[in-house]
Amino acid sequence: MKFGVVVFPGTWSDRDCGRVVTEVLGAELEYLWHQEKDLKDCDCIILPGGFSYGDHLRCGAIARFSPVMDSVVRFAAHGGLVWGICNGFQVLCETGLLPGALIRNDVCEFRCQWTHLVVERDDILFTSTLRRGEVIKIPISHGEGNYFADAATLSRLEQNNQVVFRYAQPDGHVVPAANPNGSIHNIAGIVNREGNVLGMMPHPERCAEPELGGTDGLRLFKSVLEAFAELVV
Amino acid sequence: MAAKKLREVALTEAEYQTIVELLGRTPNDVELGMIGVLWSEHCSYKTSKPFLRRLPSAGSRVLQGPGENAGVVEIGEGWAVAFKIESHNHPSAIEPYEGAATGVGGILRDVAAMGARPVAILDSLRFGPLPASRHLFEGVVSGIGGYGNCVGVPTVGGEVYFEDCYADNPLVNAMCVGVVRTDQLKRARAEGDGNLLLLVGADTGRDGIHGASFASLELDDSSEQRRPAVQVGNPFLEKCLIEALQELVDHPAVVAIQDLGAAGLTSAVAEAAARGGSGALIDVDKVPRREGGMTPYEVMLSESQERMLLVVERGRQAEVMPVLEKWDLHYAVIGEVTPDGVLTVEAGGRVAARLPIEVLTEKAPVRTLRGRAPNPTRHRLDLDSIPAEPESVKGSLLRLIGHPNLASKRAVFRRYDHQVGNATVIRPGGDAAMIRVHGTRLGIAMTTDCNSRYCELDPYLGAQIAIAEAARNIVATGARPLAISDCLNFGNPDKPEIYWQLEEVISGMANACRALDLPIVSGNVSLYNDTDGRSIFPTPVIGMVGVIDDYTRRLEAGLAADGDFVLLVGASGNDLGGSRYLEIEHGLFAGRPPEVDLLGERAAQEYMLAAAGASLLHSAHDVGEGGMLVALAEACILGERGVRCPALASMGELRTDALYFGETQGRFIISAPSRSMPELQNLARRHRVEIQLLGMVGGADLEFEGDFSVTLEEMSRLYYGAFD
Amino acid sequence: MVKLKAQVVVMLKPVVNDPQGLTVRAGLHRLGFEEVEEVRVGKFIEITVTAADEAEGRRQVSEMCRKLLANHVIEDVRFQVEAVADREQAGAARTE
Amino acid sequence: MVKLKAQVVVMLKPVVNDPQGLTVRAGLHRLGFEEVEEVRVGKFIEITVTAADEAEGRRQVSEMCRKLLANHVIEDVRFQVEAVADREQAGAARTE
Ligand SMILES: Nc1ncnc2c1ncn2[C@@H]1O[C@H](COP(=O)(O)OP(=O)(O)O)[C@@H](O)[C@H]1O
Ligand SMILES: [Mg+2]
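Note on numbering: residues in each chain are counted from 1, in written sequence order. As they are written, the chains are lettered A onward and the ligands numbered 1 onward, keeping that order. Restriction of local features to residues with pLDDT of at least 70 applies here, the model being predicted, together with a cutoff of 80 or more for giving and counting side-chain atom pairs; totals for whole chains, interfaces and linings are based on all residues. Values reported for side chains reflect all heavy atoms of the structure, with hydrogen atoms and water molecules removed beforehand.

1. Topic: the confidence of the model for chain C
Residue and element names in this part refer to chain C.
- This prediction gives chain C a mean pLDDT of 88; 89% of its residues lie at or above 70.
- For every residue, the predictor states its confidence as a pLDDT score lying anywhere from 0 to 100. Residue contacts are counted whenever heavy atoms from the two residues lie within 4.5 Å of one another. Every residue in residues 86-96 is under pLDDT 50, and counting partners more than four places away or in other chains gives 16 contacts.
- As scored by the predictor, the complex reaches a pTM of 0.94 and an ipTM of 0.92.

Below you can see the structure in the form of structure tokens.
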């Protein structure tokens, strides 16, 4: 399988994601420049972190109009795997591929720190090697990661089981104290109803090597790779 | 010459006379403005230059010393590190967010101009005490983060101090570290007659006109009028600029890269031409503008951010442009390199200025002033008047680690993305930070350090300590110190005491550099940090980098495994002068800073490197402010492990307060498994270094049996909570 | 063709928490302005645009708001448009 | 005592670089709004405050602007104040 990493002007975790894919995971990789429509036969498109267009106006607001996003939207509609990380999650919300929006952290400060997430779904490709209820350790780095959705959207999300990750204590308890940014229901990541579009604020690509403090993030990349291997068989 | 006009360009009547002599005519207004900024302290270093020459800058690893946009040292495997530190004190005092942000932007461009990819930022900050200085502190920290986070370069280290002397003159020094292949190193030399000058990046506006001369004046009420000297940075544009430059560094058509900083185009072109031994012709009409109606004077002096000057081989510009267009960057050919050694500025087809490059650069005046040592008795300390036994060692420890100057700066660095790039193998919070070089096992350790209180008490000694301490921070990670970039922050040198401080500090630095074999490869001077006649402490901030061949052997400060032995490396003395203990527990700022025995210092550092190199250690932490007990507490807190120590026997002349809180130099706290002990002792004998067993790792308390015990939880709460 | 200036105000919807507003309120309280009850922080966007006439300009700005300037999941937007010539006289707002 | 609502507009001074405005302009151009000449992005701050009377409220808001809401080095600020009761009718601004 092949991963595609989208690069907008202002994206910065493109190379981090790329290096994890090629050097740690040993998978194939294409960088997809925002001006190009061709997704180059990639099987999983990553929208990485950064400040696309400087996050001016709103995070992800301008990036969503890039030519590449037209293709990504079509790709997603046909069941393609789309994975938005940090700024990528914001772009997905702006695009409407995922519901809700990400607003400024309740502390009104940027936060770069490690968090614990409780895994709520293990039946989607992105988390195929994880178990529901387990806790993973993964860093965040954002100023606007405070997930918001109106009451109706939120109850739909919960009913449909679309919350994939919640900020939790190391023991898995979902409590306000474990919430680094004020996200509603401690939401750290959600998936669309079909299960092929994932958005998450934490950075799995930053914890794919023990040298960087942990390897839980690598398990997400591996999930995608292994799930694909099975699909092909 | 009208005094008012001269004041506007920050030139003296005597300097004006010199200009007339050099030119053999009177300069026009554009020329006067151009000379004014380049002759300002900020650009010409006219006051500090004679001293700076004393600093050693050569070394076997040095690829580029002072004089370029950044210094460069080789680290092996075909890689080099480009780095530099710079101040943005005055703009930050006036607009803390943008002042700090554009400080980061400026230093990133300096490093990028060497062809390097910026991989780390460090910020060295000083404010007046909280809560009064909260506004500045908040603004500056947000500004550093706002810029660094957006460009995607991790901010991995720095320092934050609060002292009265910085209340009106906060210090904001930013350092950038970049990596570059040795064969892709660029230099900013405008060479090759007819080669094109390409201005890339932001459009030029009326930003910061007189910014450079502004930084060379004391702040007073009339600063108000010069206020638009503060600019708004655009980190997004900077990010695009850096990426484009990275795509262009090995392009043969790109002859040189020069960033535009203080004094804008004037300085960039003059310096690049001076280095290339050439001249330049600029047509200001070609410069893309943000605003209408700008005069040639304004265009030449504008300090608009996020601009770079490329020297491109004539006829090959078409090879470079697609990259610039890809990144949506504005650009324009604004002139060319000439053989005449003259900077000619044209506007509307007419010559607006015509100045020999050397008048702008080498011929800048040098000032020699007279220094005078202040009264030596002013900070006298009589240790005998202070009880040698702290009332409660535990109480003192808790107050020290909960004090904003000693407590964790997590409240600051968690607002900085310190992990982007997936290279940060030692994160902020310990001693030096470490960045790995992708594709190798090389690790670059980096730190900024200065205890300005020591420098105020004794500038010569304080400066040596700053260098020794920075080196210790590097060594504590297992890396070998390589080179220094320094930022000299002082008050108004026209005051004899300040001039004396400058001279003493530089002598002290030179001495320590020689003893520790550390060249200074780049740096920056910021003078006139005074308000209403009150000056800051002399603050020579030392930015240092070091290298480790294999970052998987790096060491961190926190205790790493239960059952390990904990040792103190280095002998202790009654070194309470200028200590944090005296300040916090006795309200005293007095005494002589600890002596620094540079031979002993070097021995201790070599010992540490030998022990780390032989993989004998599990952790290492340098002993700094707050002394042994604070360092030990930090090792516990950072490692989330306790330590149990037998009661410390009182040792001869050593006072109890000095034993725990004295700040004797050249010491480390290390932890090691028992099997390492014999070899550690052998090495200590060989290096003539004293080591002392303190205790054993384990439990949830820091305990000196029979004396006191304190829980990790209580220490952590105070250590991490000082800014809540 | 007329040259127009649009003033667009983008505010978080009342149901959305406004952390920035809370922070500013806390700051004002700290400065002694205890009578401040609520603060909400939004965006003010000034756009200069040429259009066939004012109605056309208004239509365009409305379109910009819908497509880019606001995220309707969380934000409300309102605007006014005026011809640039009389911009100096227009607007009752005092300038400090 | 009256309850007042202040609407504060904080904009970068005209001579100051406005990166956000430049990016939004480029974004609008890319969306096909090529007639857009200039965009400047500032802050809109709504403050609800009680004061002895309107004049006193105005004085207070002016003070807030000076002390906290804007940095006069790079920003201009203007505001208007109105009694809260008639807030719905006031303001000519259209809501989208
Ligand atoms: N402004 C800052 N930005 C980033 N890191 C910081 C900052 N201030 C302090 N730190 C980090 O906190 C740790 C302790 O800093 P400091 O107290 O200066 O240590 P030391 O006394 O050993 O030099 C270091 O890792 C340092 O890099
Ligand atoms: Mg330090």
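What follows continues from the structure just given.
2. Thoughts on the interface of chain C and chain D
- Each partner contributes to the interface: chain C provides 42 residues, whereas chain D provides 42 residues.
- Buried area counts how much accessible surface, traced with a 1.4 Å probe, disappears from two parts once they are put together, with both parts' losses summed. Overall, the association of chain C and chain D removes approximately 3,800 Å² of surface from exposure, summing both partners, and the carbon and sulfur fraction of that is 60%.
- Any carboxyl oxygen of Asp or Glu within 4 Å of a side-chain nitrogen of Lys or Arg constitutes a salt bridge here. At the surface where chain C touches chain D, the tally comes to 2 salt bridges.
- For Lys3 of chain D, the salt bridge is made with Glu37 of chain C, and the minimal N-O distance between the two is 3.2 Å.
- Under the rule applied, a polar contact is a pair of N or O atoms within 3.5 Å (in protein, one hydrogen donor and one hydrogen acceptor; residues adjacent in sequence only if both atoms are side-chain atoms). For the interface between chain C and chain D, the tally reads 12 residue pairs in polar contact (both at pLDDT 80 or more).
- Here a helix means four or more residues in a row that DSSP labels H or I, a strand means two or more in a row labelled E, and each is numbered from the N terminus. Those elements that place two or more of their residues in the side of chain C that touches chain D are β1 (2-12), α1 (19-30), β2 (36-51), α2 (54-69), β3 (75-83) and β4 (94-95) of chain C.
- Residue composition of the side of chain C that touches chain D, by class: 20 nonpolar, 9 polar and 13 charged.
- Bridge analysis of β2 of chain C against strand β2 (residues 36-51) of chain D gives 13 bridges, and the strand direction is antiparallel. The residue of β2 of chain D that forms the bridge with Phe44 of chain C is Gly42 of chain D. Gly is put with the polar residues, along with every residue not named as nonpolar or charged; the nonpolar set is Ala, Val, Leu, Ile, Met, Phe, Trp, Tyr, Cys and Pro, and the charged set is Asp, Glu, Lys and Arg. For two strands to count as paired, DSSP must find a minimum of two bridges between them.

3. Examining the sheet that holds strand β22 (residues 565-569) of chain B
Residue and element names in this part refer to chain B.
- What the 7 strands build is an open sheet, ordered β23-β25-β22-β26-β24-β27-β28; its pairing is mixed. The outermost strands of the open sheet, each flanked by one partner alone, are β23 (619-622) and β28 (708-711). Each neighbouring strand pair of the sheet contributes to a mean axis angle of 20°, computed without reference to strand direction.
- Where helix α22 (residues 627-639) meets the sheet, it contacts β22, β23, β24 (643-645), β25 (668-672), β26 (691-697), β27 (701-704) and β28, and its direction lies at approximately 145° from that of β27.
- In this description, a line fitted to the C-alpha atoms serves as the axis of each element, helices being fitted only across the stretch in contact, and the angle between N-to-C directions of two axes falls anywhere from 0 to 180 degrees. Sitting on the sheet, helix α24 (residues 677-687) is in contact with β22, β25 and β26, with an inclination near 160° to β26.

4. Regarding the interface of chain D and chain B
- Contact residues are listed per partner, giving 10 residues for chain D and 13 residues for chain B.
- The largest contributions to the chain D side of the interface with chain B come from Val15, Asn17 and Val73 of chain D, which together make up 48% of the buried area.
- Counting every contact that joins chain D to chain B gives 0 salt bridges.
- At the junction of chain D with chain B, the criterion picks out 4 residue pairs in polar contact (both at pLDDT 80 or more).
- When residues in the side of chain D that touches chain B are grouped by element, the largest group, 3 residues, is from helix α1 (residues 19-30) of chain D.
- For the side of chain D that touches chain B, the residue count by class is 6 nonpolar, 3 polar and 1 charged.

5. Focus on the sheet that holds strand β4 (residues 117-127) of chain B
All names here are of chain B.
- Across the sheet, 6 strands lie side by side as β1-β2-β3-β6-β4-β5; this open sheet has mixed pairing. Edge positions in the sheet fall to β1 (62-64) and β5 (155-162), since each has one partner strand and no second. Going across the sheet, the axis of each strand differs from the next one's by a mean of 20°, ignoring polarity.
- Across the sheet, helix α8 (residues 134-151) touches β4, β5 and β6 (171-181), and the angle it forms with β4 is around 180°.

6. Overview of helix α5 (residues 216-232) of chain A
- An expected span of 1.5 Å times one less than the residue number is assigned to each helix. The end-to-end C-alpha separation of α5 of chain A is 25 Å, in line with the 24 Å expected for 17 residues at 1.5 Å each.
- Regarding α5 of chain A, the residues found buried are Asp216, Gly217, Leu218, Leu220, Phe221, Ser223, Val224, Ala227 and Phe228 of chain A. Think of it in three bands: with a 1.4 Å probe and only protein chains considered, a residue is buried below 20% of the maximum accessible area for its type, exposed above 50%, and partly exposed in between.

7. Here's the deal with the pairing of strand β10 (residues 187-191) of chain A
Residues and elements named next belong to chain A.
- In terms of burial, β10 is largely enclosed, as 5 of its 5 residues are buried.
- Taken together, the 3 bridges between strand β9 (residues 163-168) and β10 define a ladder with antiparallel strand orientation. Along β10, the bridge assignment pairs Arg166 with Ile187.
- As judged from the 3 bridges shared by β10 and strand β11 (residues 197-200), these two strands associate in the antiparallel manner. When the bridges of β11 are listed, Ile190 appears paired with Gly199.
- Linking β10 back to β11 in an antiparallel pair, the connection comprises 5 residues, with Gly195 at a positive phi of about 85°.

8. Brief notes about the packing of α8 of chain B against helix α10 (residues 235-248) of chain B
All names here are of chain B.
- Where α8 contacts α10, the two axes come as close as 8 Å, and the packing angle between them is 40°. In terms of orientation, α8 and α10 fall into the oblique class. For the pair α8 and α10, the sense of crossing is right-handed. The residues of α10 that touch α8, namely those facing Gly146, Tyr147, Cys150 and Val151, are Pro235, Phe236, Glu238 and Lys239.
- The residue inventory of the contact of α8 with α10, partitioned by class, reads 5 nonpolar, 1 polar and 2 charged. Throughout this description, any angle smaller than 35 degrees is read as roughly parallel, any larger than 145 degrees as roughly antiparallel, any in the 65 to 115 degree range as roughly perpendicular, and the remainder as oblique. Each helix crossing is assigned a hand: it is left-handed if the near helix lies turned anticlockwise from the far helix by less than a right angle, otherwise right-handed if that turn is clockwise.

9. As for the arrangement of the chains
- With 5 pairs of chains in contact overall, the greatest share of contacts is found between chains C and D.
- The least C-alpha distance between chain B and chain C, which are not in contact, is 10 Å.

10. A look at the site of ligand 1
All names here are of chain B.
- By nearness alone, 17 residues border ligand 1, and Asp123, Gly429, Asp431, Asp449 and Asn473 come closest of all.
- Glu159 places a main-chain nitrogen or oxygen 3.3 Å from a nitrogen atom of ligand 1.
- Here an oxygen atom of ligand 1 and a side-chain polar atom of Asp622 are 3.4 Å apart.
- Calculation on ligand 1 without its partners gives an accessible area of 560 Å², and the protein chains cover 89% of this total.
- Looking at the shell around ligand 1, the elements with two or more residues in it are β5, α16 (410-413) and α18 (459-475).
- Sort the elements by how many residues they give to the shell around ligand 1 and β5 lands first, with 4 residues.
- For the shell around ligand 1, a count of residues per class yields 5 nonpolar, 5 polar and 7 charged. If a single non-hydrogen atom of a residue is within 4 Å of a molecule or strand, that residue counts as near it. Under the convention used here, a 1.4 Å probe and the Shrake-Rupley method define accessible areas, while residue burial counts only the protein chains that appear.

11. With respect to the side chain of Asp259 of chain B
Residues and elements named next belong to chain B.
- Tracing the backbone shows Asp259 in strand β8 (residues 254-259).
- Positive charges are assigned to Lys and Arg, negative charges to Asp and Glu, while His and the chain termini are left out of the count. Arg109 is the oppositely charged side chain nearest to the buried, salt-bridge-free Asp259, at an N-O distance of 4.5 Å.
- Apart from residues lying up to four places away in sequence, Asp259 is in contact with Asn69, Gly106, Arg109, Asp110, Ala113, Ala268, Arg307 and Met308.

12. Topic: the relation of the copies chain C and chain D
- Fitting of the copies onto one another was done by least squares over C-alpha atoms, counting residues only where both copies have pLDDT of at least 70. The two copies are related by a screw motion: chain C maps onto chain D through a turn of 180° and a shift of 0.0 Å along the axis, at an RMSD of 0.2 Å. The relationship between the two copies is best expressed as a two-fold rotation axis.
- Comparing interface residues between copies, 100% of those in chain C also lie at the interface in chain D; the contact surface is shared.

13. Side note on the pattern of salt bridges
- Following the criterion strictly, the structure yields 75 salt bridges over all chains and no others.
- Two residues, Glu291 of chain B and Arg206 of chain B, come together in a salt bridge whose shortest N-O distance is 2.7 Å. Taken together, the positions of Glu291 of chain B in the loop between β9 (279-283) and α12 (296-301) and Arg206 of chain B in the loop between β7 (196-201) and α9 (211-214) put the pair 85 residues apart, joining distant regions of the chain.
- By relative accessible area, Arg206 of chain B is classed as partly exposed at 25%.
- Here Arg66 of chain C ties to Glu63 of chain C by a salt bridge, and the two come within 2.9 Å at their closest N and O atoms. Taken together, the positions of Arg66 of chain C and Glu63 of chain C, both in helix α2 and 3 residues apart, correspond to about one turn of that helix.
- The exposure class of Glu63 of chain C is partly exposed, given its relative accessible area of 23%.
- Among the charged side chains, a salt-bridge network with shared partners connects Glu109 and Arg111 of chain A together with Arg134, Glu138 and Arg415 of chain B.

14. What to know about the packing of α10 of chain B against helix α13 (residues 317-326) of chain B
Residues and elements named next belong to chain B.
- For the pair α10 and α13, interaxial distance at closest approach is 9 Å and the crossing angle is 150°. With respect to each other, α10 and α13 are oriented roughly antiparallel. As α10 packs across α13, the resulting crossing turns out to be right-handed. Judged by residue contacts, Ala244, Glu247 and Leu248 of α10 engage Val320, Val323, Leu324 and Lys326 from α13.
- A per-class count over the contact of α10 with α13 returns 5 nonpolar, no polar and 2 charged.

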